[in-house]
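This is what each chain is made of:
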Amino acid sequence: MQLSGKDVIEAHYQTGEITAEQLDHPAWSNSKPIQITRYWSGETAPPERHAEARIIWTTTSLLAHFKCNQEEPLVVTQSPQTGQKTIGLWDRDVSEIFIAPDPNQLTRYFEFEAAPTGEWIDLGIRNTAAGRNTDWAFQSGMTTASRIDTDLVTTVIKIPWSLSIPKPDAGNEWRVNLCRCVGRDPNRGYLAWQPTGAPVPNFHVPEVFGRLRFV
């Protein structure tokens, strides 16, 4: 699949340690915002559901920063648990990043989600001819933090380097997609930076992931 310049995110290296809780760290301003404005189908979503994301990397981790317009009631649990991953989190309001560290093996990728409540989930995925296999026990060591303001939710997902997600070198390229789930049925929104074009809402189409270039 041939990708264009519009399908490339440049993740800039930052010196020093940055935590998920540093939602307003100056390093974020050094990264170009990526606009998330379309549904999974490719149809443009209304502005009140748009989001933007920025990605940076450090010696220890990859970090994704989301700013999400929030003009409708939040879809969140009233009793969040943040000490372990929340299965089914995708049925609530979440920001998501999908990454495939080996661009030559798109059947192997990872999914990370974070909710405004601080809940999270990390999953290892492998697509096979027989279907999608999910490693529910995958443990990335991810951390997340969020802030809810008037009509805006800010979230950071921090993913440490590991054997599964090894630290890249400058110039490396991975594959990536950035997504958002917002609202309630029947008007629930499934937004994707790179729309998947699936017949029903589905983010698990790694063939359409864009490129993440480390600079």
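Below is a short write-up of the structure. Position numbers for residues count from 1 along each chain, tracking the sequence in the order it is written. Local features in this predicted model are restricted to residues of pLDDT 70 or higher, and side-chain atom pairs are both shown and tallied only at a pLDDT of 80 or more, whereas totals for entire chains, interfaces and linings draw on every residue. Hydrogens and water molecules were not included; the side-chain quantities draw on all heavy atoms of the structure.

In this description a helix means any DSSP run of H or I spanning at least four residues, a strand means any run of E spanning at least two, and both kinds are numbered starting from the N terminus. Within the secondary structure, Gln84 is located in the loop between β4 (61-69) and β5 (94-100). It is 7.9 Å that separates the C-alpha atoms of Gln84 and Ile121, two residues lying 37 residues apart in sequence.

To continue, consider the nonpolar core. Counting 51 residues, the largest nonpolar core has Leu62, Ile97, Phe112 and Leu178 as its most contacted members. With six residues, the top contributor of residues to this core is strand β11 (residues 173-182). Note on contacts: a residue pair is in contact if any heavy atoms of the two residues lie within 4.5 Å. With sequence-adjacent residues up to four places away left out, Leu178 is seen in contact with Ile9, Ile34, Ile36, Ala53, Ile55, Phe66, Glu96, Ile97, Leu191, Ala192 and Trp193. Residues Ala20, Leu23, Ala27 and Ile56 belong to the second largest nonpolar core, which totals nine residues. Only buried residues count toward a nonpolar core, which is a set of Ala, Val, Leu, Ile, Met, Phe, Trp, Tyr and Cys residues joined through side-chain atoms within 4.5 Å. Think of it in three bands: residues with accessible area under 20% of the maximum for their type are buried, residues over 50% are exposed, and the middle band is partly exposed, with areas taken using a 1.4 Å probe on protein chains only.

Within the secondary structure, Asn104 is located in the loop between β5 and β6 (108-114). With a relative accessible area of 71%, Asn104 lands in the exposed category. Spatially, the C-alpha atom of Asn104 lies 29 Å from that of Leu89, the residues being 15 residues apart in sequence.

To pair, rings of Phe, Tyr and Trp, with the six-membered ring standing in for Trp, must have centres within 6.5 Å; the planes then decide the type, stacked if under 30 degrees apart, edge-to-face if over 60, and tilted in the middle. What the rule picks out here adds up to 13 aromatic pairs. Measuring from centroid to centroid gives 5.3 Å for Trp57 and Phe214, while their planes differ by 80 degrees, and the two rings are edge-to-face. Pair noted here: Trp57 is in strand β3 (residues 51-57) and Phe214 is in strand β13 (residues 210-214), with a separation of 157 residues, a long-range link. With relative accessibility at 4%, the residue Trp57 sits in the buried group. Ring centres 5.0 Å apart and planes at 40 degrees place the aromatic pair Phe110 and Phe138 in the tilted group. With Phe110 in strand β6 and Phe138 in the loop between β8 (131-135) and β9 (143-149), this pair connects stretches of sequence that are 28 residues apart.

What follows deals with the pattern of salt bridges. The salt bridge criterion pairs a side-chain nitrogen of Lys or Arg with a carboxyl oxygen of Asp or Glu, the two atoms within 4 Å. Applying the stated criterion across every chain, the model contains 10 salt bridges. Close ionic contact of Arg147 with Asp149 constitutes a salt bridge, the shortest N to O distance being 3.1 Å. We classify Arg147 as partly exposed; its relative accessible area is 28%. On the accessibility criterion, Asp149 (34% relative accessible area) is partly exposed. Here Glu173 makes a salt bridge to Arg213, at a shortest N to O gap of 2.7 Å. Of this pair, Glu173 sits in strand β11 while Arg213 sits in strand β13, and the two are 40 residues apart along the sequence. Classification of Arg213 by relative accessible area gives partly exposed; the value is 25%. A network of salt bridges, in which partner residues are shared, links Glu10, Glu173, Arg211 and Arg213.

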